[in-house]
Amino acid sequence: MAGASTALTRPAVTHQFLAGLEGVRHLPADGPFVLVANHSSFADHLVLDAVLDALRDTRTSYLTKAEAFVHPVRSRWTHGMGGIPVDRDRPGKELLAAVDGVFADRGALVVYPEGTRGQGWPLLPFKDGAFRFAVRAGVPVVPVAMWGAQHVLPKGASLPRNARVRVVFGAPLPDDTALPRPQRVKALVEAARDALELLVDTARTEPGPRRRRQAALELVRRAEAVTETMLSHTDRLSPERRVQQARLLITLARRTDPAVLARADDPVGADARVLAARLTGLRALKAPAPLRPALLRSVRRGAEEVLAEHPDHLMARYLLGRWYLLMPRFLGGDRRQALEHLRHAARLGAHDTRYAMAYAEALIAVGHHGEAAGQLRDVLDAPAPDPRTADRRRRAEAHYQQLAGAGAGPTTPRG
């Protein structure tokens, strides 16, 4: 990831300048790749760094002209942004070693194939360095277009201007590995130019409702995946970092399509509102005690608003059921309400043992031990292919043995 010196600039840059983010389904969630972008402004670095920080776990590095490292202050800023110095006349072994290090760390290497800042359109001639790096390392090349950055920090400007940037990712470029290396590089250059011309044209065109909605849906799904990764028991990053990522992705989804995500009656908006409520609940667990009641009321309100429009929304049912189960009575907790919502969730989510487990715990809380034992058997009989479900299975077995000792079921669970 880029250096700590930019950590405070990312949210501000994203919120201030980004008008929309599209095509995130094309961006690898993990693993090394080369990102080739059009280049019209120093703001390109800031925008891409903010976006990739929300979408990726590993560092982002940028090939940067060696002259940017001469002045001490600018050199420090460029290093902090993940800049790798390039002598454009005589690139040497140090450059190859630095690029190899980025790929070994599963990072993203951003290269502007135009080689210098242009006017935004038309594109300048492409250089082939980015594609040589990709072929040499055997990593994919993903194109991305930005439009509007040239108005944020145009050539000659020292302070950013009030403008909006739209970012559009494209699919990884086709790469015929059967070709000899020179022809393979040449084919990638041509494919990249064709792709970026189309993407820039897309980025500079105001999107219609369908395009905005699709982009917002992809961002919501990415935020959900980030949240599930956080809960997987195998995550490399801290929960605080994951919550920050997911909240930023929801913010980007709202910015990309504010009309849809403001409505609980829209399925995409419903998913986003429930996820925002989940993230607020996670935030409440870490918040100072005086702030928790307001945050927890927000969790309940968000789930209830979605259920008013979508009675069969699985995660809203689960979230509200867990809320009623875990909250003390004087703050609104109600085990009977928890039972109703979690029963509904277990029926809707029969494919996932988390819902059966939550329902079983609610049944135990209200003393329905026989029915709870049946739900726990379902958890025990299901596959446990990952650490999270394996942990859930261990909890289910402990509950089951306790109930069996109390005469609620057979002493040996099935499976």
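Residues numbered from 1 in each chain as written. Predicted model: local features only at pLDDT ≥ 70, side-chain atom pairs only at ≥ 80, totals over all residues. Heavy atoms only, no water.

Engineer: Pulling in residues and values, what's your account of the overall build of the protein chain?
Structural biologist: Across its full length, the protein chain carries 17 helices and seven strands. Out of the 415 residues in the protein chain, the part that is buried amounts to 51%. In the protein chain, the proportion of contacts linking residues at least 24 apart, taken out of those at least 6 apart, comes to 66%. (Helix = DSSP H or I, 4+ residues; strand = E, 2+ residues; numbered from the N terminus. Buried < 20%, exposed > 50% of the residue type's maximum accessible area, 1.4 Å probe, protein only. Contact = heavy atoms within 4.5 Å.)

Engineer: So what's going on with the side chain of R184? Which residues, and what values?
Structural biologist: Mapped onto the elements, R184 comes out in helix α7 (residues 181-203). Beyond its immediate sequence surroundings of up to four residues, R184 is in contact with V135, D175, D176, T177 and L179.

Engineer: Explain the nonpolar core to me, using residue names and the numbers behind them.
Structural biologist: Core analysis: the largest hydrophobic core is formed by 48 residues, its most contacted members being L21, L35, L48, V167 and F169. Sequence-distant contacts of V167, defined by excluding residues within four places in its chain, comprise L18, G20, L21, E22, V47, V144, A145 and M146. Membership of the second largest hydrophobic core comes to 43 residues, among which are V274, L295, L342 and A358. (Core = buried A, V, L, I, M, F, W, Y, C linked by side-chain atoms within 4.5 Å.)

Engineer: A description of the packing of helix α13 (residues 314-326) against helix α14 (residues 335-348) should follow, citing residues and the corresponding values.
Structural biologist: Describing two packed helices takes the angle between their axes plus the distance from one axis to the other. Taken N-terminus to C-terminus, the directions of α13 and α14 make an angle of 150 degrees; their axes are 8 Å apart at the nearest point. The pairing of α13 with α14 is recorded here as roughly antiparallel in orientation. Considering how the two elements wind past one another, α13 and α14 form a crossing that is left-handed. For the pair α13 and α14, contact is made by L314, R317, Y318, L320, G321, R322, Y324 and L325 and by R335, Q337, A338, E340, H341, L342, H344, A345 and L348, respectively. Of the residues assigned to the contact of α13 with α14, the class counts are nine nonpolar, four polar and four charged. (Axes fitted to C-alpha atoms, helices over the stretch in contact; angles between N-to-C directions. Parallel < 35°, antiparallel > 145°, perpendicular 65-115°, else oblique. Left-handed = near helix turned anticlockwise from the far one by under 90°. Nonpolar A, V, L, I, M, F, W, Y, C, P; charged D, E, K, R; others polar.)

Engineer: Can you break down the pattern of salt bridges residue by residue, with the values?
Structural biologist: Inspection of every chain in the model, using the stated rule, returns 30 salt bridges. Note that E228 and R354 form a salt bridge whose closest N and O atoms lie 3.2 Å from each other. Residue E228 is located in helix α8 (residues 209-230), and its partner R354 is located in helix α15 (residues 353-365); the two are separated by 126 residues in the primary sequence. (Salt bridge = Lys/Arg side-chain N within 4 Å of Asp/Glu carboxyl O.)

Engineer: Explain the packing of aromatic side chains residue by residue, including any values.
Structural biologist: What the rule picks out here adds up to two aromatic pairs. Taking the centre distance of 5.2 Å and the plane angle of 90 degrees together, the rings of Y318 and Y355 count as edge-to-face. Linking Y318 in helix α13 with Y355 in helix α15, this pair joins segments that are 37 residues apart in sequence. By relative accessible area, Y355 is classed as buried at 4%. Seen in terms of ring centroids, W323 and Y324 are 5.3 Å apart; in terms of plane orientation they differ by 90 degrees. Their pairing is edge-to-face. R204 extends its terminal NZ or CZ atom over the ring of W147, reaching a point 5.5 Å from the ring centre. (Phe/Tyr/Trp six-rings, centres within 6.5 Å; stacked < 30°, edge-to-face > 60°. Lys NZ or Arg CZ within 6 Å of the ring centre and 35° of its normal.)

Engineer: Which residues make up empty space enclosed by the protein, and what values do they have?
Structural biologist: Counted under the stated rule, the structure contains one cavity of 30 Å³ or more. Estimated volume of the largest cavity: approximately 30 Å³. Every residue along the wall of the largest cavity is listed here: T353, V379, A382, P383, A384, T389, R392 and R393. For the lining of the largest cavity, the class distribution of residues is four nonpolar, two polar and two charged. (1 Å grid on protein atoms, 1.4 Å probe; cavity = no way out; pocket = protein on both sides within 12 Å on 5 of 7 lines; lining within 4 Å. Points joined across faces, edges and corners; volume = space filled by probe spheres on them.)

Engineer: Could you give an account of the side chain of D266, naming the residues involved and the relevant values?
Structural biologist: Relative to the assigned elements, D266 resides in the loop between α10 (258-261) and α11 (267-286). Separated by 3.5 Å, the side chains of D266 and R213 make a polar contact. Among residues more than four places away in sequence, those in contact with D266 are R213, V260 and H310. (Polar contact = N/O pair within 3.5 Å; in protein donor to acceptor, adjacent residues only side chain to side chain.)

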